Amino acid sequence: MTFDRDSIRAFRFVRCDFDPGTGIARLVYAFDDGPELVETITIPGAPFALDGARAQAAEKALRSLHLITGVSYYKAAVPAEIRIDSYGIDADTAALMEELYLNGLGEFAYRNGLNLHGRIRFPASDLAPAKADAASLGLRRHALVAIGGGKDSLVSIEALRAAGIEQTVTWVGGSQLIKACAERTGLPTLNIGRQLAPELFEYNRQGAYNGHIPVTAINSAIMVFAAALLGADQVVFSNERSASYGSLIEGTGEVNHQWSKGWAFERDFGGYVQRRIAADLSYYSLLRPLSELAVARQFAKTDRYDAHFSSCNRNFHLLGERPASRWCGVCPKCHFVFLALAPFMPKPRLVAIFGRNLLDDAAQIPGYDALLEFQNHKPFECVGEGKESRAAMAALAQRPEWREDAIVERFRREIQPQLQASELDIAPLLTIDDEHRVPPALWDKLSAHFAT
Ligand SMILES: CC(=O)N[C@H]1[C@@H](OP(=O)(O)OP(=O)(O)OC[C@H]2O[C@@H](n3ccc(=O)[nH]c3=O)[C@H](O)[C@@H]2O)O[C@H](CO)[C@@H](O)[C@@H]1O[C@H](C)C(=O)N[C@@H](C)C(=O)N[C@@H](CCC(=O)O)C(=O)O
Ligand SMILES: Nc1ncnc2c1ncn2[C@@H]1O[C@H](COP(=O)(O)OP(=O)(O)OP(=O)(O)O)[C@@H](O)[C@H]1O
């Protein structure tokens, strides 16, 4: 099996199918006439018996999953042509996919020196069914809540618990760390299986293009498919408002590593689900109105997960080694989460979570400079905005227990004098925004919960 990315002309969505007897969905792709690349998704709870309307919604959710998950394979060669062999799509669907592939592969394109503008064209077909609003399926009031092992989803889970919403804590893939967090919630759990086509890893070894993909969009599409099968009316993510802002790169503009965690994706995909899959299925992020710092403040309210959670992405590789402890201590996410929690937690508790004090380690100065957007741009990672890092650091600079630690002391001496004091106030960054898709009745219950 040889892979020569430059000779490939077309990426093909070959077919997708779902076996209700086993709960296995098969998503099939190919480059030109090459081997079939088969990704499988396994939804626990089979056999599934679906009536006419639910079966139709599940089929539509399966197709959108097929289209979204294709991004992992398409990126290997980014050929000029995209073909869909076994079904048609309409202009609405094509537009959503073009938006997702272009923006979700923004960091990938930047790092590979590729210009994808005008290149990604999903073929809208005349054979696609006429545009029709999706029906309501009479889904039961139940939330499938995505859990990622980090602080954000745990904040949502506790908020939904406080609001009395029935929930199933749901994750994709085989992470033991996520499993441990999910079990710690004490709530019902659902672990969805996902196996990428193994040929992709071989293609990577042979020089395929590689880089970041919009993994939150993939997890979202998987969970919407699961909700349609299981009859739940809500898919809840925990993407904060800070995720909508990318890194500002000189000469390039904004590149957002976490584009599919941002508002534009949530708005457009959530609208698509209600328009095209099921009118009573809501996809939303419960934390959209909150900044990263506001989420950190919520997380600090309980120590229930201190010994279980980790936001360090090095835990989540499919292949290769994982860090020896839950926090590697040297990556942007470790840096940021330590800093974001510090204003809201007693110092001994925070140091016990990480096993060390990252703010008293001068070797971490370059990492913190990037977070502060000082002589560097925000890292390509899931971290808060530069203004949040600067405000958190300024708050610590006033605290006797933090101000002499190496990184805080250096911030006071070298960076703070160059900044406007008015921009370093933490309070305005903790305000609740009103741009979100949280169902109004739930938001009425939760806005007070999130305000302090
Ligand atoms: C864990 C991680 O950060 N992985 C990124 C890393 O991948 P790496 O090559 O080091 O190892 P693996 O994760 O084991 O993946 C092996 C290859 O598989 C391909 N692949 C994997 C998953 C997938 O859904 N599609 C794929 O095509 C890929 O070719 C891998 O090389 O570097 C990769 C290249 O930059 C990243 O794509 C890997 O990111 C994962 C997809 C991932 O799950 N990352 C999340 C921890 C993550 O970044 N979450 C974001 C959310 C933002 C968003 O939705 O865009 C975040 O926290 O910022
Ligand atoms: N394996 C997964 N399965 C399902 N959802 C996931 C998975 N990994 C991450 N998510 C979800 O994707 C969104 C973004 O993930 P992210 O890593 O930012 O959140 P987190 O793990 O909850 O918190 P943190 O930012 O502290 O890591 C969250 O809603 C999270 O629940």
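A quick note: this is a predicted structure, and the numbers were derived from the prediction, not measured.

### Let's talk about the overall build of the protein chain
Alright, step 1. For the protein chain, the count of helices and strands is 16 helices and 11 strands.
Alright, step 2. Reported as C-alpha extents along the three principal axes, the dimensions of the protein chain are approximately 65 × 50 × 40 Å.
Alright, step 3. For the protein chain, the exposed surface amounts to about 18,200 Å²; the carbon and sulfur share of it is 49%.
Alright, step 4. Treating the 48 positive side-chain charges of the protein chain as one cloud and the 54 negative ones as another, the clouds have centres 3 Å apart.

### Quick notes on the site of ligand 2
Alright, step 1. Surrounding ligand 2, one finds 19 residues, the nearest of these being Ser 153, Ser 238, Lys 261, Ser 311 and Lys 333.
Alright, step 2. At a separation of 3.0 Å, an oxygen atom of ligand 2 approaches a polar side-chain atom of Asp 152.
Alright, step 3. Across the complex, the protein chains shield 91% of the 590 Å² of accessible surface that ligand 2 would expose by itself.
Alright, step 4. Secondary structure elements with two or more residues in the shell around ligand 2: α5 (151-162) and β6 (167-172).
Alright, step 5. In terms of residues, the shell around ligand 2 owes the most to one element, α5, which gives 3 residues.
Alright, step 6. Each of domain 1 (5-285) and domain 2 (311-316 + 323-430) gives at least three residues to the shell around ligand 2.

### What about the packing of α5 against helix α16 (residues 440-451)?
Alright, step 1. Contact geometry for α5 and α16: axes closest at 10 Å, N-to-C directions at 120°. Classified by chirality, the crossing of α16 by α5 is right-handed. Every residue of α16 that contacts α5 at Val 155, Ala 159, Leu 160 and Ala 162 is listed here: Leu 442, Leu 446, His 449 and Phe 450.
Alright, step 2. Looking at side-chain class alone, the contact of α5 with α16 contains 7 nonpolar, 1 polar and no charged residues.

### Thoughts on the pairing of strand β8 (residues 232-237)
Alright, step 1. With 6 of 6 residues buried, β8 lies mostly within the body of the structure.
Alright, step 2. Note: β8 against strand β11 (residues 282-285), 4 bridges, orientation parallel. In the strand pairing of β11, Phe 237 is matched with Ser 285.

### So, helix α12 (residues 347-354)
Alright, step 1. Along α12, the positions that sit buried rather than exposed are Lys 347, Arg 349, Leu 350, Ile 353 and Phe 354. Relative to the axis of α12, the buried residues are bounded by an arc of 165° and lie together on one face. Exposed residues lying more than 90 degrees from the buried face of α12 are Pro 348 and Ala 352.
Alright, step 2. Looking at the buried positions of α12, the neighbouring elements they touch are α10 (292-299) and α11 (332-341).
Alright, step 3. Of the residues trailing α12, Gly 355 is marked for its positive phi of about 75°.

### Re the domain arrangement of the protein chain
Alright, step 1. Under the domain assignment, the protein chain is made up of domain 1 (5-285) and domain 2 (311-316 + 323-430).
Alright, step 2. The C-alpha-based centres of domain 1 and domain 2 are spaced at 32 Å.
Alright, step 3. Tallying the contact residues gives 20 residues for domain 1 and 16 residues for domain 2.
Alright, step 4. Across the domain 1/domain 2 interface, buried area totals approximately 1,400 Å², and carbon plus sulfur atoms make up 61% of it.

### Topic: the pairing of strand β5 (residues 140-146)
Alright, step 1. Here β5 lies mainly inside the structure; 5 of its 7 residues are buried.
Alright, step 2. Across 4 bridges, the pairing between β5 and β6 is parallel. What sits directly across from Val 145, in β6, is Val 169.
Alright, step 3. Viewed along the sheet, the connection from β5 through α5 into β6 turns out right-handed.

### Remarks on the pattern of salt bridges
Alright, step 1. In total, this model carries 30 salt bridges according to the counting rule given.
Alright, step 2. The partner of Arg 194 in a salt bridge is Glu 39, and the shortest N-O contact between them spans 2.6 Å. On the criterion of sequence distance, the pair formed by Arg 194 in strand β7 (residues 189-195) and Glu 39 in strand β3 (residues 37-42) is long-range, its members being 155 residues apart.
Alright, step 3. Across the pair Arg 410 and Asp 369 runs a salt bridge whose closest N-O atoms are separated by 2.5 Å. Here Arg 410, found in helix α15 (residues 406-415), pairs with Asp 369, found in helix α13 (residues 365-371); they are 41 residues apart in sequence, far enough to count as distant. Taken individually, Arg 410 and Asp 369 each receive the classification buried, so the pair is uniform in this respect.
Alright, step 4. Among the charged side chains, a network of salt bridges with common partners joins Asp 369, Glu 409, Arg 410, Arg 413 and Glu 414.

### What about the environment of Leu 293?
Alright, step 1. With respect to the helices and strands, Leu 293 occurs in helix α10.
Alright, step 2. Residue classification places Leu 293 among the buried positions, given a relative accessible area of 0%.
Alright, step 3. Along the sequence, Leu 293 and Ser 242 sit 51 residues apart, while their C-alpha atoms lie 9.2 Å from each other.
Alright, step 4. If near-sequence neighbours (up to four positions away) are discounted, Leu 293 is found in contact with Ala 340, Phe 344, Glu 388, Ala 392, Ile 426, Leu 429 and Leu 430.

Reading the values: the criteria
Residues numbered from 1 in each chain as written. Chains lettered and ligands numbered in written order. Predicted model: local features only at pLDDT ≥ 70, side-chain atom pairs only at ≥ 80, totals over all residues. Heavy atoms only, no water. Helix = DSSP H or I, 4+ residues; strand = E, 2+ residues; numbered from the N terminus. Areas by Shrake-Rupley, 256 points an atom, 1.4 Å probe, with all protein chains shown as cover. Lys, Arg positive; Asp, Glu negative; His and termini not counted. Charge placed at Lys NZ, Arg CZ, Asp CG, Glu CD. Near = heavy atom within 4 Å. Polar contact = N/O pair within 3.5 Å; in protein donor to acceptor, adjacent residues only side chain to side chain. Domains from an automatic or database assignment. Axes fitted to C-alpha atoms, helices over the stretch in contact; angles between N-to-C directions. Left-handed = near helix turned anticlockwise from the far one by under 90°. Contact = heavy atoms within 4.5 Å. Nonpolar A, V, L, I, M, F, W, Y, C, P; charged D, E, K, R; others polar. Buried < 20%, exposed > 50% of the residue type's maximum accessible area, 1.4 Å probe, protein only. Pairing = 2+ DSSP bridges. Arc of directions from axis to C-beta. Buried area = accessible area lost by both parts, 1.4 Å probe. Right-handed = clockwise from strand over helix to strand, strands pointing away. Salt bridge = Lys/Arg side-chain N within 4 Å of Asp/Glu carboxyl O.

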